[in-house]
Amino acid sequence: MIDSLILVTPTVTIAAFRDRHTTALRPEREKPMSSHVRSRLSLALVVALAVLTAFTLGVLVGPPAAEAQKKKVLNIAAKEPDTLDPHMSILGQSQAIARFMHRGLTRFAIRDGKVTTAEVDPDLAESWTLSPEGTIWTFKLKKGVQFHKGFGELTAEDVKFSFERQISRAPGTRFGVNLEVIKSIEVVDPHTVQIALKSFDPIFLLRMVGYQQGYIVSKKAAEKYGEQFKWNPVGTGPFYFDRHSPREKVVLKAFDKYHLGRPSIDEVNYFDVPEDSTKLIGLEKGTFDLLYPEAVTADFADQVKKMGAVIDKRGPGTQERFYINMTAKPFDDIRVRKAFMHAIDRKAIKETMYPGGLARVAPSCVPPGYFGHIPMNFPEHNPALAKKLLAEAGHPNGFTIKNYFISKSFFYPKVLTLAQEQLKQVGIIVELQVVEHATFHENIRKNLNPFVLYGGTRLPDADPWLSLFFDSKEIPDPATGNKGTNFAHYRAIDDLLAAGRVERDVKKRAAIYAEAQKRIERDLVCLPISDLAGQWARNPKRVSTPFDPEYGEFSLHYSYNYPEMLKVLN
């Protein structure tokens, strides 16, 4: 039966299958309430899709069954990454796959059977020392650590190159702001690197974790491939890049010389599957083992539970929030920003998207679990007061925002559609243009949206978080090419950020970031909506992890901290 299917559809690819069937689903999914969406899907369509998935995907995903059993193959359904250069993307799917291939000087520690994000252990570094004045770190590298594909042994030159390309803001790099504390980097010998700081940095070892700015890449490979390095990544992680079939999959293979031991999984297929409905069918039929969903709604969680799969939850998780550009009319008037916030019913959005315990209404612009977090106060939902403020600001009939760009991916279209309806009730009309996720990111850095819906996670400390989203150096500016993420165009806490970076006293640091949050609260430039865990769906009969699904590990990678610890069971 399967053979006959192969004969009649020899040229069908995963991408073609996905396009054919997700196109039929897409108009339904873009409506705001996915539980209603699914209930309207016809049973016939679901059954047909399941059958086609079982046969078509099952046949085309990878090697024959016997070979797959011999090989330990892990099949992941996610979105296609936009790059495999770990320093050049803030997209979740790109950061998720980076963790499979790259490592840093330190790594998040495992304590009492759980992964933390507050302590670190050595990874590529064997040890380190800090000078008495607290500004010079000396790292001793592990000897014999190999880069993928014969690019040789890791040396101090690779460490220096990896950080300096970001500090110099090499085109495309995104995380240089997190390394600005570095004054200079000196190669002492091939296995010793000395990093001088401009001032003491209380979280420097966290910055050295294999995450975003902390990943160490091969200098030789990056210089050899140039712009093509993004599809020829060379790191030291447990898996190496094998090949990329655009809009279909990225294939990774086990690295025999991984410095902590070869992973038991031989191959990872990272399939491009944008639609959560397609991912779920693939998980149920055994085509996929792990799912990186667009959004874990109540409906998604129910379906995962019914099929006997589990959801691995990790904190501190992500936060979905609005930034309001305080320099863009009419939001340069604080009364309009306040009216915007009075119009938004945060609880209703959270409950519609993530009912019950799937998320919680965000209490601060710095998420709980981050050092320096304090609860903040925000204007309550009050449409009448919003209208009054708009009238006082010269907009008695409200106003219209044309050409507002929103991503078609993840939570963005659903949350924005809910907010759009709430804003309409007070006279703020938002005319949406739904675009590809990459286009959305390009446009918000061109300052085309007067307010920006954004989500993400960062190192769990107020300094990197506030520095990325509220430091004036991060204001996007098309004229200079700055693609920062200070979408509020805020400048009022630069002094506090500078003070916090040099403060050694823990209580004083906390007080500085508390003051920063109070100023943000005063100026009404950020409205957090929901805090929710990072979540993947997993078939426990196929894949095991040593950590408890319920926050057994904390993670910032949008993925598993240690993919080499995953095991394919059959």
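In case you missed it, the structure is sitting above this.
Since the structure is predicted, the reported quantities are computational estimates derived from the model, not experimental observations.

(A) Spatial organisation of the overall build of the chain. From N to C terminus, the chain includes 19 helices and 19 strands. Of the contacts formed within the chain by residues at least 6 apart in sequence, a portion of 71% connects residues at least 24 apart. Accessible surface computed for the chain: about 22100 Å², of which carbon and sulfur atoms make up 54%.

(B) Representation of the packing of aromatic side chains within the structure. As enumerated under the stated definition, the model contains 28 aromatic pairs in all. Consider the rings of Phe331 and Phe451, whose centres lie 6.1 Å apart with planes at 75°: the pair is edge-to-face. Taken as a pair, Phe331 in the loop between strand E12 (310-324) and helix H12 (334-343) and Phe451 in strand E16 (residues 451-456) lie far apart in primary sequence, 120 residues in all. Of the two residues, Phe331 and Phe451, neither departs from the other in class, the shared state being buried. Pairing Tyr454 with Phe487 gives two aromatic rings, centres 5.0 Å apart and planes at 50°, and the pair type is tilted.

(C) Representation of the sheet that holds strand E7 (residues 192-197) within the structure. Strand order in this open sheet of 4 strands is E4-E5-E7-E6, and the pairing throughout is antiparallel. Strand pairing shows two members of the sheet lacking a second neighbour, strand E4 (125-130) and strand E6 (182-189), which therefore form its edges. Here the average twist between neighbouring strands, direction ignored, is 20°. Sheet contacts for helix H7 (residues 156-167): strand E5 (136-141), E6 and E7; angle to E6, the most-contacted strand, approximately 165°.

(D) Here's a closer look at the pairing of strand E2 (residues 106-111). Sheet topology note: the E2/strand E3 (residues 114-122) ladder contains 5 bridges and is antiparallel. Note on E3: the bridge partner recorded for Arg111 is Lys114. The hairpin formed by E2 and E3 contains 2 residues between the paired strands, and Asp112 there has a positive phi angle of roughly 50°.

(E) Empty space enclosed by the protein, seen in detail. Applying the stated criterion to the full structure yields 4 cavities of 30 Å³ or more. Lining the largest cavity we find 33 residues, and of these Tyr292, Glu294, Thr318, Phe410 and Tyr558 sit closest to its centre. For the lining of the largest cavity, the secondary structure elements donating two or more residues are E12, helix H16 (437-444), E16 and strand E17 (526-538). The biggest single contributor to the lining of the largest cavity is E17, with 5 residues. Of the residues belonging to the lining of the largest cavity, the class tally is 16 nonpolar, 13 polar and 4 charged.

(F) Highlighting the pattern of salt bridges. For the structure on display, the rule yields 34 salt bridges. As a salt-bridge pair, Glu474 and Arg169 come within 3.7 Å of each other at their nearest N and O atoms. Taken together, the positions of Glu474 in the loop between helix H17 (462-470) and helix H18 (494-502) and Arg169 in the loop between H7 and E6 put the pair 305 residues apart, joining distant regions of the chain. Within the structure, one salt-bridge network assembled from shared partners comprises Asp201, Arg207, Asp463, Asp471 and Arg501.

(G) Focus on the side chain of Asp272. By the element assignment, Asp272 lies in strand E10 (residues 267-272). A polar contact of 3.0 Å, which involves the side chain of Asp272, links it to the backbone nitrogen of Glu80.

(H) View of the nonpolar core. With 112 residues, the main nonpolar core has Phe451, Leu466, Phe470 and Ile520 as its most contacted residues. Setting aside its immediate chain neighbours within four residues, Ile520 contacts Cys365, Met376, Leu466, Phe470, Tyr490, Ile493, Val525 and Cys526. In terms of nonpolar packing, the next biggest core, distinct from the first, is built from 41 residues, Phe108, Ala125, Phe139 and Val145 among them.

(I) Geometry of the layout of surface pockets. As a volume, the largest pocket reaches approximately 700 Å³. Lining the largest pocket are 28 residues, with Met88, Pro171, Gly172, Arg174 and Lys483 sitting closest to its centre. Only H7 and H16 provide two or more residues apiece to the lining of the largest pocket. Counting residues per element, the lining of the largest pocket draws most heavily on H16, which supplies 3 residues.

About the criteria used
- Residues numbered from 1 in each chain as written.
- Predicted model: local features only at pLDDT ≥ 70, side-chain atom pairs only at ≥ 80, totals over all residues.
- Heavy atoms only, no water.
- Helix = DSSP H or I, 4+ residues; strand = E, 2+ residues; numbered from the N terminus.
- Contact = heavy atoms within 4.5 Å.
- Areas by Shrake-Rupley, 256 points an atom, 1.4 Å probe, with all protein chains shown as cover.
- Phe/Tyr/Trp six-rings, centres within 6.5 Å; stacked < 30°, edge-to-face > 60°.
- Buried < 20%, exposed > 50% of the residue type's maximum accessible area, 1.4 Å probe, protein only.
- Pairing = 2+ DSSP bridges.
- Axes fitted to C-alpha atoms, helices over the stretch in contact; angles between N-to-C directions.
- 1 Å grid on protein atoms, 1.4 Å probe; cavity = no way out; pocket = protein on both sides within 12 Å on 5 of 7 lines; lining within 4 Å.
- Points joined across faces, edges and corners; volume = space filled by probe spheres on them.
- Nonpolar A, V, L, I, M, F, W, Y, C, P; charged D, E, K, R; others polar.
- Salt bridge = Lys/Arg side-chain N within 4 Å of Asp/Glu carboxyl O.
- Polar contact = N/O pair within 3.5 Å; in protein donor to acceptor, adjacent residues only side chain to side chain.
- Core = buried A, V, L, I, M, F, W, Y, C linked by side-chain atoms within 4.5 Å.

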